[in-house]
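# Summary of structural features
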Amino acid sequence: MKIRKIETKILKAPLKKPFQTALRRVESLEDIVVLVYTDTEHIGYGEGSPTPVITGETKGTMLAVIEYIAPFLLHRDIEEFDALLDTVERTILKNTTAKSALEIALYDLKAKSQNQPLYTMLGGTQREFQTDITISLGSVEQMVSSSLEALALGYRVLKIKVGETPRKDIERIEAIYKSVPKDITLRVDANQAWSAKESVQILTTLESRGVVLELVEQPVKAEDIRGLQYIKQRVQTPLLADESLFTLADARSLLENNCVDFLNIKLAKCGGIRNALKVADIADEYGAKCMLGCMLEGAISVCAGVHVASARAKTITMLDLDAVSLCQNTPTHGTVQFNESKILLSSAIGLGIEY
Ligand SMILES: [Mg+2]
């Protein structure tokens, strides 16, 4: 199966309601879809969403990078799979979302060429998954009511976005904690908004008031590794690295230096499926569990993350893959089901989702 042509398309999907974090506000998602055509009837589908404040990529840079890498892949056989992935990874530095979009399409094709679902090709068997849902940063009242709406839709895990002032953040977390049943799991994501000292103050205050959180995600700036260490030595609440984790070296350094308890793997940060699997393997060496997360992105790339979660089900125990459910609809089709908190992979070959 030889690569004949590589094309990009823009996928737009309005969100059900605006998405607000400490870093940004988004009203609709806009993704780049990659289509890799072959000399057979099979097309490989990939996708990535430019998130300038996290990966430094825009729609324009993604399109340029994919156009730059494409000629190095053309006319090559999907059978030289590892070499194709090396080409994507090494032809240009950084640009992890663009690379991930291309790489997902290659994995889709490889699984299609073997006539099996991607998760099976990767050694996974799990097909049913539960994701959390993000509660956007807003007023205490808005956030409590969004939390209750999410529970009514069947979600059992809430990811609360914070990052205003310590006083307000304590107030919103405590208010949500008191409004939901005790068997609901709460995660908090500060998206780098706190200092290390503020983090300790906020988390020890919540702990002293009996508020139980499963974890706190990325309390401090991405590069503030010492800050993470400082917090971890002073609070009981487990810490999860998100923006601090891009490369395999980041993963090892965060765990080796005892900075965090968990790693949030996103294909758009690590450059695709192969590195995502490797990050999970590094975590496994340290006995650490991982979350598989996503950007605000559509069904093709979210689905690629689910296949990775299936392949490393022992280590990837938390999913933050709510992006598809946050959209009014996404113009993709396939047999993978996204039904609010429940995600079900199908037995279709490849990813199971097409554009
Ligand atoms: Mg995050």
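Everything numeric in this text was worked out from a predicted model, so none of it was measured.

## Notes on helix α13 (residues 299-311)
Spanning 13 residues, α13 covers 18 Å between terminal C-alpha atoms, matching the ideal 18 Å at 1.5 Å per step. Burial analysis of α13 places 13 of its 13 residues in the buried class, the great majority of the element.

## Regarding the nonpolar core
One broad trend across soluble globular proteins is that nonpolar side chains are buried collectively. Ranked by size, the top nonpolar core spans 106 residues in total, and within it L263 and I300 carry the most contacts. Two domains each provide a minimum of three residues to this core, namely domain 1 (3-115) and domain 2 (120-354). Once residues within four sequence positions are removed from consideration, I300 is found in contact with V33, Y45, G46, E47, I104, T332, L351, I353 and Y355.

## Considerations on the sheet that holds strand β2 (residues 25-38)
Taken in spatial order, the 3 strands of this open sheet run β1-β2-β3, and their pairing is antiparallel. The open sheet has two edge strands, β1 (3-20) and β3 (43-48), and neither has a second partner. Here the strands of the sheet are splayed against their neighbours by 20° on average, with no regard to which way each runs. As defined by bridge partners, β2 adjoins β3 across 6 bridges and the pair is classed as antiparallel. Residue pairing for β3: I32 is matched across the bridge by G48. Packed on one face of the sheet, helix α2 (residues 59-69) meets β1, β2 and β3 and runs near 10° to β2. Its contacts with the sheet put helix α4 (residues 96-113) on β2 and β3, and the angle it makes with β3 is roughly 155°.

## A word on helix α12 (residues 273-285)
The terminal C-alpha atoms of α12 lie 19 Å apart, and with 13 residues this matches the ideal 18 Å at 1.5 Å per residue to within 8%. Along α12, the residues classified as buried are I273, R274, N275, A276, V279, A280, I282 and A283. Count one or two residues on from α12 and you reach G287, which has phi positive near 70°.

## Structural notes on the domain arrangement of the protein
Much of the literature gives interface size as the accessible area that the parts lose upon coming together. Here the domain parsing of the protein yields domain 1 (3-115) and domain 2 (120-354). Centre-to-centre separation of domain 1 and domain 2, based on C-alpha positions: 22 Å. Counting residues at the interface gives 39 residues for domain 1 and 38 residues for domain 2. Put simply, the parts of the chain that give the side of domain 1 that touches domain 2 at least two residues each are β1, β2, β3, α1 (52-55), α3 (81-90) and α4. At 12 residues, the largest contribution of residues to the side of domain 1 that touches domain 2 is made by α4.

So, how was this worked out
Residues numbered from 1 in each chain as written. Predicted model: local features only at pLDDT ≥ 70, side-chain atom pairs only at ≥ 80, totals over all residues. Helix = DSSP H or I, 4+ residues; strand = E, 2+ residues; numbered from the N terminus. Expected span 1.5 Å × (residues − 1). Buried ≥ 20, exposed ≤ 12 C-beta atoms within 10 Å, placed from the backbone. Core = buried A, V, L, I, M, F, W, Y, C linked by C-beta atoms within 7 Å. Domains from an automatic or database assignment. Contact = placed C-beta atoms within 7 Å. Pairing = 2+ DSSP bridges. Axes fitted to C-alpha atoms, helices over the stretch in contact; angles between N-to-C directions.

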